[in-house]
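Below are the chains, spelled out letter by letter.
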Amino acid sequence: MTTVTISSIIDAPVEKVWARIRDFNGLPSWHPRMVESHIEDGKPATEIGCVRNFTLASGPKLREQLTAFSDDEFLVSYAILETPQPITNHSSTLQLRRVTDGDRTYAEWTATFDAPAEKADELAAGMGANVFQGGFNALQEHFTSKS
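Residues numbered from 1 in each chain as written. Predicted model: local features only at pLDDT ≥ 70, side-chain atom pairs only at ≥ 80, totals over all residues. Heavy atoms only, no water.

(A) Here's a closer look at the sheet that holds strand S2 (residues 34-39). Read from one edge to the other, the open sheet built from seven strands follows the order S1-S7-S6-S5-S4-S3-S2, with strand pairing classed as antiparallel. Two strands lie at the open edges of the sheet, namely strand S1 (2-10) and S2, each paired on one side alone. Between one strand axis and the next, the sheet turns by 25° as a mean value, whatever way the strands run. With nine bridges joining them, S1 and strand S7 (residues 104-114) adopt antiparallel strand pairing. What sits directly across from Ser7, in S7, is Glu108. Contacts from helix H1 (residues 14-21) reach S1, strand S4 (61-70), strand S5 (75-82), strand S6 (88-99) and S7 within the one sheet, and its direction differs from that of S6 by about 150°. Packed onto the sheet, helix H3 (residues 117-145) meets S1, S2, S5, S6 and S7 and runs at close to 15° relative to S1. (Pairing = 2+ DSSP bridges. Helix = DSSP H or I, 4+ residues; strand = E, 2+ residues; numbered from the N terminus. Axes fitted to C-alpha atoms, helices over the stretch in contact; angles between N-to-C directions. Contact = heavy atoms within 4.5 Å.)

The following block contains the structure:
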């Protein structure tokens, strides 16, 4: 099992950051690597078990299933169902926490997955840098430009 964890501080209150990311179908509205997304079968984007089908800016399509969602805990968890990457048994959690010093947000995105041993480190590094940190950078830029 491979684990990757990326964290960041975003200069905005947790409620504002959560409002921007809470929509499980809303990746294209805030993440620069995602260009199109829809929830299959017309289910609500907060319904545990719903599946988002989205397209990366580089072309590949992925399917992910919502496994946990909490407005109270500012948390969304999901599992990758289909990806072109050699990943299985994937689980990710994106959680926000309030930073009271400066009314900022601590954001943490964690994933665990199985991958071929010779690819695991490369896949973890790419997921951490491109997906997780890339998303945090976009959030930081969004909230910095709003001030």
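(B) Geometry of the environment of Ser91. One can find Ser91 in strand S6. When its relative accessible area of 33% is taken as the criterion, Ser91 is described as partly exposed. Residues Ser91 and Tyr78, 13 residues apart in the sequence, show an inter-C-alpha distance of 5.8 Å. (Buried < 20%, exposed > 50% of the residue type's maximum accessible area, 1.4 Å probe, protein only.)

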